[in-house]
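Inside the fold
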Amino acid sequence: MEGKHSVPSMTKPTNIIQNHDFSEGLSFWHPNGCDGYVASTEPGPQGGVTMTLGAKYAVITNRKEWWQGLEQDITGKISVASTYAVSANVGVAALSEGSADVLATLKLEYHGSDASYLFLGRTSCTNGSWENLKGTFSLSTMPDRVTFYLEGPAPGVDLLIQSVEITCSSSSDIEDHAKTTGTLSTEDDNIIINPQFDDGQNNWSGRGCKIAIHDSLGNGKVLPKVGKFFAAATERTQSWNGIQQDITGRVQRKLAYELSALVRIFGGNVTSSDVRATLWVQNPDSREQYIGIANVQATNQDWVQLQGKFLINNSPSKVVVYLEGPPAGIDILVNTIVIKHAPKTPPSTPPDFEDAPFGINIIENSNLANGTNGWFPLGNCTLSVGTGSPRVLPPMARDSLGPHESLSGRYVLVTNRTQTWMGPAQMITEKLKLFLTYQVSAWVRIGSTGSVGPQNVNVALSVDDQWVNGGQVEVADDRWHEIGGSFRIEKQPSKVMVYIQGPASGVDLMIAGLQIFPVDRQARFRYLRRQTDKVRKRDVILKFSGLEDISGLGTLVKVRQIQNDFPIGTCINRTNIDNEDFVDFFVKHFNWAVFGNELKWYWTEPQQGNINYKDADEMLDLCLKNKIETRSHCIFWEVEGTVQQWIKSLNKDDLMKAVQNRLSSLLNRYKGKFRHYDVNNEMLHGSFYQDRLGRDIRANMFKTAHQLDPSATLFVNDYHIEDGNDTRSTPEKYIQQILDLQHQGAPVGGIGIQGHIDSPVGPIVCSALDKLGTLGLPIWFTELDVSSRNEYVRADDLEVMMREAMAHPSVDGIMLWGFWELFMSRENSHLVNAEGDVNEAGKRLLCLKQEWLSHSHGCVDDQGLFSFRGFSGTYNVEVVTLSKIVSKTFVVGKGDSPLEVEVSFD
């Protein structure tokens, strides 16, 4: 292949779109969920696109969703690794005002997997004008079906299409262009050299192992899915061994890249294993960083797609991408690998909840007036109806529904249970609406348990055979217990079943008043705004001095709050602070910070005696420079899986010494610099140190930390406290743990609720806060993140949590667990996209922060006073008299009683 240069053909490339100009009506085209017809154009230039008299164009009308448009199946007309150019002349009609975006998209369908969507291009259109939409794409794998379609304008807006072209530029043309110019032709080009191993092992090497190129393996059972060859990373002795390529100089900082590869495993006795794509980055100061890009469960039966994104914040001296993961002795096979600049994700469309049946129970015959009609037993258990259950709504449902008819007093009795999953069930597939948040509520009770002890009861959903948690409660007596939870469906399911399960075999189960209803979040927000005004604001009286004519007629006062002092912070990581765009957003919008990993013991001392505080020092310097307060997370972590191996290998005496050294090292170094410490993380979910060092170790950690840094507030910190989804970490169990620590003399000063939550429901969150608030300790959300594929729904989730926290008197602060895409612990939880665009969830955060600033204006009274009601924080006041305009800064502290502030202009 070397030295072979093709001459670009001057022949116009073939258009793979059939009936591209609609001269044959809508042949080969299909309206997607809407209607369409063909009309004729007017002559002349329109929107930069010259049209000829009588030219045909498609009109796509009766569109009820933004994704509805016109599509054509192009399966079999495209090739892997070739680059295609898209060009379409498009317009809109029936647009009331402004402009609308038209998008070109590919739908990629693989057998046995969910469809994926590839954004190709976008243009903005106004009524009566034609615009040209352009884009490019290249596929690293061949889907079973490929559909091209145009979509985008809001429902009700007609989509107009005059012509569509998709033409191919051959992969050899692109390779030759790169060889002759030394550059890649477009930002979409693959930065991997020799991606399908046509050039043997060139540009590839083994990472701690050997590599080989094959056209088949296993007597012809393993063949390439695309191209002619595949590579094998063989003779692997460590899980990190694999195949690698140096891509130094081919990736740019602060740009998002997408990796896609076809992989499988071979050899040994393992049929499936995790295969990971990882980036190794070395900085000019020799600091190393490993960035996880993607992982997939690969098998020895077929090729699977490995796909993910990454971004480099700094300017590295070396960058290597490699595949790793399976146990030693298992070969990693790779058929093709592509890394390209990632396309921007198309913006979400807000779901239409206008006619949503808020508060309406979707459960049939919930009151059992018709016996067990509508219900069926899951398994061979027996259902019957009993009487004597509570007639009042469970409290969390009552807070959501308001005044409501009483329950019937009847319940479903489940007997003859021989498996934990057996219980009453209903099919609810047709009753659910995508992206709506549903609250789950019921009374539950169990029969005699004998010697089996406390039992979990769970309202569960089977969504296309995948388990979804609708709420859990632990029952240890014969009383009725409230169960509360929530869920949301974001992909159209084919089958949804709700069922109640959990107790051990032989234990009878009783369920009363099961309700599943969509939650009206806006109604809750209206209530929370009023509560926030009561809880967070105070009356302020400004008393001016130093101005002779202050009480004269015509004296105006303008009060503007500069900063609310309520703590709203975020998690940051060391690599983030190399990105000036990240830092700019961080210092503008947050007043607290917590370090994601850099103070955890496994980070600061990965091997015994190998201490690293450099990362934390640099992050702390940034925060101090920008007057941002900090929390320290965490001194210890009680979950065994997070403990480094050298600590696990210590005997009891040496472990105790290591614990004391850790406390002394960390708290002496940073004494007085961190306002909070999470002392021993997730004690409701782990017991590593307690199991080895005894029950007193937890309290002693708090005592010693307080002795070393008395100025810091010491926190407990755990997850699933607020959502009703985990019987290990209920508010009641958290309260008991805190009381036990205090009884042992532990100076617990704060309660940390992590807040990694899905489909939050305000009254459920508030119920947990009310219970924890009885301890009289400050509550912080310490690691808040919410997740949804739809940015508007994600924004709503975030608003639920922010408003519940702001409206509750026991909550003293909110820490987000990050905000920047690719640097979050959960998918679809970011507020800012990888390259710095603020998405709808990020915009919602900024709107809330603006809402929580108080402004007022008016005239002074006859005593020279001006009164207003506002949040605590820093203010600027401007006084306009007949003779001058003067301004001054003042501070309003927290409190309930009216505050008189002296504003002196002397």
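Criteria and thresholds
Residues numbered from 1 in each chain as written. Predicted model: local features only at pLDDT ≥ 70, side-chain atom pairs only at ≥ 80, totals over all residues. Heavy atoms only, no water. Helix = DSSP H or I, 4+ residues; strand = E, 2+ residues; numbered from the N terminus. Rg over C-alpha atoms; globule rule 2.2 N^0.38 Å. Buried < 20%, exposed > 50% of the residue type's maximum accessible area, 1.4 Å probe, protein only. Contact = heavy atoms within 4.5 Å. Patch = residues over 30% accessible without salt bridge, like charges linked within 9 Å, V, L, I, M, F, W, Y side chains within 5 Å. Areas by Shrake-Rupley, 256 points an atom, 1.4 Å probe, with all protein chains shown as cover. Salt bridge = Lys/Arg side-chain N within 4 Å of Asp/Glu carboxyl O. Lys, Arg positive; Asp, Glu negative; His and termini not counted. Charge placed at Lys NZ, Arg CZ, Asp CG, Glu CD. Pairing = 2+ DSSP bridges. Axes fitted to C-alpha atoms, helices over the stretch in contact; angles between N-to-C directions. Core = buried A, V, L, I, M, F, W, Y, C linked by side-chain atoms within 4.5 Å. UniProt positions renumbered as here; feature names shortened; annotations may be inferred. Polar contact = N/O pair within 3.5 Å; in protein donor to acceptor, adjacent residues only side chain to side chain. Expected span 1.5 Å × (residues − 1). Arc of directions from axis to C-beta. Left-handed = near helix turned anticlockwise from the far one by under 90°. Nonpolar A, V, L, I, M, F, W, Y, C, P; charged D, E, K, R; others polar.

Things to note about the overall build of the protein
A tally of helices and strands in the protein yields 14 helices and 48 strands. The C-alpha atoms of the protein give a radius of gyration of 31 Å, which matches the 29 Å a tight globule of 906 residues would have. Considering only C-alpha atoms, the protein reaches an extent of 85 × 80 × 70 Å along its principal axes. With 906 residues in all, the protein has 53% of them scored as buried. Once local pairs closer than 6 in sequence are excluded, the contacts in the protein between residues at least 24 apart make up 77%.

Overview of a negative patch on the surface
Together, Glu 65, Asp 352, Glu 354 and Asp 355 line one region of the surface with negative charge. Tracing the backbone through its elements, the reader meets Asp 352 in the loop between strand 22 (331-341) and strand 23 (376-378).

A word on the sheet that holds strand 45 (residues 865-871)
Pairing in this open sheet of 3 strands is mixed, and the strands run 45-33-48 from one edge to the other. Of all the strands in the sheet, just strand 45 and strand 48 (899-904) have a single pairing partner and so form its edges. Shown here is a sheet whose adjacent strand axes are inclined to one another by a mean of 30°, direction ignored. Relative to strand 45, strand 33 (residues 537-545) is paired through 7 bridges, and the arrangement is antiparallel. In the strand pairing of strand 45, Ile 541 is matched with Ser 867.

As for the nonpolar core
The biggest cluster of nonpolar side chains holds 112 residues, and the ones touching the most others in it are Leu 542, Phe 544, Phe 586, Tyr 689 and Met 802. Here this core gets 8 residues from one element, more than from any other, and that element is helix 13 (residues 791-807). The residues touching Tyr 689, leaving out its near neighbours within four places in the chain, are Trp 601, Phe 636, Trp 637, Glu 638, Val 643, Ile 647, Leu 655, Val 659, Asn 680, Gly 694, Ile 697 and Met 701.

Some remarks on the UniProt feature "active site" (unreviewed entry) in the protein
Look at the UniProt record and you will see "active site" (unreviewed entry) annotated at Glu 783. Within the fold, Glu 783 resides in strand 42 (residues 779-786). You can call Glu 783 buried: its relative accessible area is 5%. Discounting chain neighbours no more than four positions away, the residues touching Glu 783 are His 633, Asn 681, Asn 717, Ile 753, Gln 754, Gly 755, His 756, Met 815 and Trp 817. Engagement of the side chain of Glu 783 in a polar contact is seen with the side chain of Asn 717, the distance being 3.0 Å.

Observations regarding helix 6 (residues 614-625)
Between its first and last C-alpha, helix 6 extends 17 Å over 12 residues, near the 16 Å set by a 1.5 Å rise per residue. For helix 6, the full list of buried residues reads Asp 615, Ala 616, Met 619, Leu 620, Leu 622 and Cys 623. Angular distribution of buried residues about the axis of helix 6 spans 155°; they occupy a single face of the element. Along its buried surface, helix 6 packs onto strand 35 (568-572), helix 4 (580-589), strand 36 (592-595), helix 5 (601-604) and strand 37 (629-637). The positive-phi residue at the C-terminal boundary of helix 6 is Lys 627, with phi of around 55°.

Looking at the environment of Ala 294
Mapped onto the fold, Ala 294 is located in strand 19 (residues 288-299). Given a relative accessible area of 9%, Ala 294 falls into the buried group. For the pair Ala 294 and Leu 323, spaced 29 residues apart in sequence, the C-alpha separation works out to 9.6 Å. With sequence-adjacent residues up to four places away left out, Ala 294 is seen in contact with Val 275, Arg 276, Ala 277, Leu 306, Gln 307 and Gly 308.

A look at the sheet that holds strand 46 (residues 873-880)
Paired through backbone hydrogen bonds, the strands of a sheet run either parallel or antiparallel to each other. The antiparallel open sheet is built from 4 strands, whose spatial order is 44-34-46-47. Two strands close off the open sheet at either side, each with one partner strand: strand 44 (855-859) and strand 47 (885-892). Mean inter-strand twist for the sheet, computed between neighbouring axes without regard to direction, equals 20°. Pairing analysis gives 8 bridges linking strand 46 to strand 47, with the strands arranged antiparallel. From the neighbouring strand, Glu 878 faces strand 47, where its bridge partner is Ser 887.

Let's talk about the pairing of strand 22
The buried count for strand 22 comes to 11 of 11 residues, which makes it a mostly enclosed element. Where strand 15 (residues 230-234) lies against strand 22, 3 bridges are found, and the strand directions are antiparallel. Paired with Ala 232 across the strands is Leu 333, a residue of strand 22. Bridge count between strand 17 (residues 256-266) and strand 22: 10 bridges; the pairing is antiparallel.

Structural notes on the pattern of salt bridges
Proximity of charged atoms lets side chains of opposite charge pair with each other. Inspection of every chain in the model, using the stated rule, returns 43 salt bridges. With a shortest N-O distance of 3.1 Å, Asp 533 and Arg 869 are connected by a salt bridge. Of this pair, Asp 533 sits in helix 3 (residues 521-536) while Arg 869 sits in strand 45, and the two are 336 residues apart along the sequence. Across the salt bridge formed by Glu 638 and Arg 698, the nearest N and O atoms sit 2.9 Å from each other. One end of the pair, Glu 638, is in the loop between strand 37 and helix 7 (645-648); the other, Arg 698, is in helix 10 (residues 697-708), with 60 residues separating them in the sequence. Using a relative accessible area of 0% as the deciding quantity, one classes Glu 638 as buried. Residues joined by salt bridges that share partners form a network here, namely Arg 529, Asp 796, Glu 799, Arg 803, Arg 844 and Glu 851.

What to know about the packing of helix 12 (residues 762-773) against helix 13
Between two packed helices, the angle of one axis relative to the other and the distance separating the axes together describe the packing. Contact pair helix 12 / helix 13: the axes reach a minimum separation of 10 Å and the direction vectors enclose 35°. Relative to helix 13, the crossing made by helix 12 is right-handed. Of helix 13, the residues touching helix 12 (which contributes Gly 762, Pro 763, Val 765, Cys 766 and Leu 769) are Val 800, Met 801 and Glu 804. Residues that form the contact of helix 12 with helix 13 fall into these classes: 6 nonpolar, 1 polar and 1 charged.

Quick word on unusual backbone geometry
In this chain, His 633 is followed by Cys 634 through a cis amide linkage whose omega measures -10°. Of note in the backbone geometry, Lys 254 takes a positive phi value of approximately 65° without being a glycine. Here Lys 254 shows up in the loop between strand 16 (242-246) and strand 17. A relative accessible area of 21% means that Lys 254 is categorised as partly exposed. At Ser 759, a residue that is not glycine, the phi angle is positive and equals roughly 40°. Take Ser 759: it is sitting in the loop between strand 41 (756-757) and helix 12.

Some remarks on the pairing of strand 25 (residues 410-415)
Bridge count between strand 24 (residues 382-387) and strand 25: 6 bridges; the pairing is antiparallel. Paired with Val 385 across the strands is Val 412, a residue of strand 25. Relative to strand 32 (residues 509-518), strand 25 runs antiparallel, the two being bridged by 3 bridges. In the strand pairing of strand 32, Val 412 is matched with Ile 511.

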